[in-house]
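Close look at the chain arrangement
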Amino acid sequence: MSFDAKHLLGIEPLSPLEITTLLDLADSYVDLNRRAHKHGDALAGLTQINMFFENSTRTQASFELAGKRLGADVMNMAMQASSIKKGETLIDTALTLNAMHPDLLVVRHPHSGAVALLAQKVNCAVLNAGDGRHEHPTQALLDALTIRRAKGRLQRLTIAICGDIAHSRVARSNILLLHKLENRVRLIGPPTLMPSGVADWGVEVFDDMRAGLEGCDVVMMLRLQRERMDGGFIPSSREYYHRFGLDAEKLAHAKPDAIVMHPGPMNRGVEIDGTIADDINRSVIQEQVEMGVAVRMAAMDLLARNLRARPAEVMA
Ligand code: NCD
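Residues numbered from 1 in each chain as written. Predicted model: local features only at pLDDT ≥ 70, side-chain atom pairs only at ≥ 80, totals over all residues. Heavy atoms only, no water.

1. Things to note about the overall build of the chain
When its secondary structure is counted, the chain shows 12 helices and nine strands. For the chain, whose C-alpha radius of gyration is 19 Å, the value lies close to the compact-globule estimate of 20 Å for 316 residues. Overall size of the chain, expressed as C-alpha extent along the three principal axes, is 55 × 45 × 35 Å. Here the chain holds 316 residues, and 55% of them are scored as buried. Of the contacts formed within the chain by residues at least 6 apart in sequence, a portion of 74% connects residues at least 24 apart. Carbon and sulfur atoms make up 52% of the accessible area of the chain, which amounts to about 13,500 Å² in all. Seen as two clouds, the 36 positive and the 38 negative side-chain charges of the chain have centres 2 Å apart. (Helix = DSSP H or I, 4+ residues; strand = E, 2+ residues; numbered from the N terminus. Rg over C-alpha atoms; globule rule 2.2 N^0.38 Å. Buried < 20%, exposed > 50% of the residue type's maximum accessible area, 1.4 Å probe, protein only. Contact = heavy atoms within 4.5 Å. Areas by Shrake-Rupley, 256 points an atom, 1.4 Å probe, with all protein chains shown as cover. Lys, Arg positive; Asp, Glu negative; His and termini not counted. Charge placed at Lys NZ, Arg CZ, Asp CG, Glu CD.)

2. Re the site of the ligand
Around the ligand sit Arg 58, Thr 59, Arg 108, His 136, Gln 139, Arg 169, Val 170, Arg 223, Gln 225, Pro 263, Gly 264 and Pro 265, and those are all the residues in its vicinity. Residue Gln 139 places a side-chain N or O atom 3.5 Å away from a nitrogen atom belonging to the ligand. Between an oxygen atom of the ligand and a side-chain N or O atom of Arg 169, the distance comes to 2.7 Å. If the ligand stood free it would expose 320 Å²; the protein chains cover 94% of that surface. In a pocket analysis with a 2 Å cut-off to the grid points, the ligand is assigned to the largest pocket. Secondary structure elements with two or more residues in the shell around the ligand: helix 2 (58-69) and helix 6 (169-180). Split into classes, the residues belonging to the shell around the ligand amount to three nonpolar, five polar and four charged. (Near = heavy atom within 4 Å. Polar contact = N/O pair within 3.5 Å; in protein donor to acceptor, adjacent residues only side chain to side chain. 1 Å grid on protein atoms, 1.4 Å probe; cavity = no way out; pocket = protein on both sides within 12 Å on 5 of 7 lines; lining within 4 Å. Sits in = over half its atoms within 2 Å of the grid points. Nonpolar A, V, L, I, M, F, W, Y, C, P; charged D, E, K, R; others polar.)

3. Some words on the sheet that holds strand 5 (residues 158-162)
Within a beta sheet, neighbouring strands are joined by backbone hydrogen bonds and run either parallel or antiparallel to one another. Taken in spatial order, the five strands of this open sheet run 7-6-5-8-9, and their pairing is parallel. Each of the sheet's edge strands pairs with one partner strand only, and the pair in question is strand 7 (204-206) and strand 9 (259-261). When strand polarity is set aside, the average angle formed by the axes of neighbouring strands in this sheet is 20°. Lying over the sheet, helix 5 (residues 137-151) contacts strand 8 (218-221) and strand 9, oriented at roughly 165° with respect to strand 9. (Pairing = 2+ DSSP bridges. Axes fitted to C-alpha atoms, helices over the stretch in contact; angles between N-to-C directions.)

4. Some remarks on helix 3 (residues 90-98)
Within helix 3 the residues assigned to the buried category are Leu 90, Thr 93, Ala 94, Leu 97 and Asn 98. Taken end-on, helix 3 shows its buried residues confined to a sector of 135°, consistent with a single buried face. Those residues of helix 3 hidden inside the fold are in contact with strand 1 (47-52), strand 2 (73-77), strand 3 (104-109) and helix 4 (114-119). (Arc of directions from axis to C-beta.)

5. Examining the pairing of strand 4 (residues 125-131)
Of all seven residues making up strand 4, seven are buried, and the element is well covered by its neighbours. Note that strand 3 and strand 4 share five bridges and pair parallel. Residue pairing for strand 4: His 109 is matched across the bridge by Asp 131. In this fold, the crossover linking strand 3 to strand 4 by way of helix 4 has right-handed handedness. (Right-handed = clockwise from strand over helix to strand, strands pointing away.)

6. A look at the packing of aromatic side chains
Counting across every chain of the model gives one aromatic pair. Aromatic pair Tyr 240 and Phe 244: ring centres 5.6 Å apart, planes at 35°, arrangement tilted. Of this pair, Tyr 240 and Phe 244 both sit in helix 8 (residues 237-244), four residues apart, which is roughly one turn of the helix. Sitting over the face of the ring of Tyr 241, Lys 250 holds its NZ or CZ atom 5.9 Å from the ring centroid. (Phe/Tyr/Trp six-rings, centres within 6.5 Å; stacked < 30°, edge-to-face > 60°. Lys NZ or Arg CZ within 6 Å of the ring centre and 35° of its normal.)

7. Here's the deal with the pattern of salt bridges
Side chains carrying opposite charge are able to pair once their charged atoms draw close together. For the structure on display, the rule yields 15 salt bridges. One salt bridge connects Asp 27 with Arg 149, and the closest N-O pair in it is separated by 2.5 Å. One end of the pair, Asp 27, is in helix 1 (residues 16-33); the other, Arg 149, is in helix 5, and 122 residues separate them in sequence. On the accessibility criterion, Asp 27 (21% relative accessible area) is partly exposed. A salt bridge links Asp 247 to Lys 250, with the shortest nitrogen-to-oxygen separation between them at 3.7 Å. For the pair formed by Asp 247 and Lys 250, the shared burial category is buried. (Salt bridge = Lys/Arg side-chain N within 4 Å of Asp/Glu carboxyl O.)

Coordinates in, geometry out; function isn't part of it.
Below is the structure:
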């Protein structure tokens, strides 16, 4: 197995071979998840703690299900009601949890870099479930698996990522992964929603949907992440939809077999037309959710193998 990382903090440090190893294992978990009996034992005897400092529906549920299907004891910390609210620092919370000897810690945090900081303070494997606008590695991996299964390959594809790129950790992780596997990435959105420094990212940037979608294999839509906006980035939702919302007419500029993706949560009528989102011939949004569980099973399985190979460090 070509995967010897201790943590999964981002796509940035992963090699193309590590990414492919993880996706191949995830493929086998897709098969397991489609059986009536869905249990594996890769995480038997291990304790997984989910710490979500930001709201989440699908990511948290997906990690929980992934752990349970592989036999881990899974605990969800209710971070809204936790001691953090009483003034405890992130590090103190981490040290307290560490004393309970978890093996896998799944963390989502509103600040970029917070998950990596926490990983330095604990003995277990840490998985980043999204840190600020920095990275969301399991989302990029599940997107990659969805694309690979739909297109039969994950090379030499043209992928358009559309909308609020500036505030999106999903976009960042996807761009890193897609580039490592030699795909072409286009970013489409209003200049106010493009990150500063985008000129150095090795992508093509468009502010016109029709021009940007021309000839694309994959169209990935993003939500306007208003919780990370501190001012007026767009004139109005209506005008945004008119210019950047994905509808049938704009999608017609992409390749006839282009697939439509969205990490969720989706705002119908803002970044995407509901009919497109529900069109089973174009949209793979439900497949993304399915792949999410399999990818998280694979990620935790690989990290657990590495944990077991390093017993001295775990017990330190
Ligand atoms: C994304 C996230 O939290 O970064 N959602 C997800 O994990 N499925 C994207 C978003 O919140 O818009």
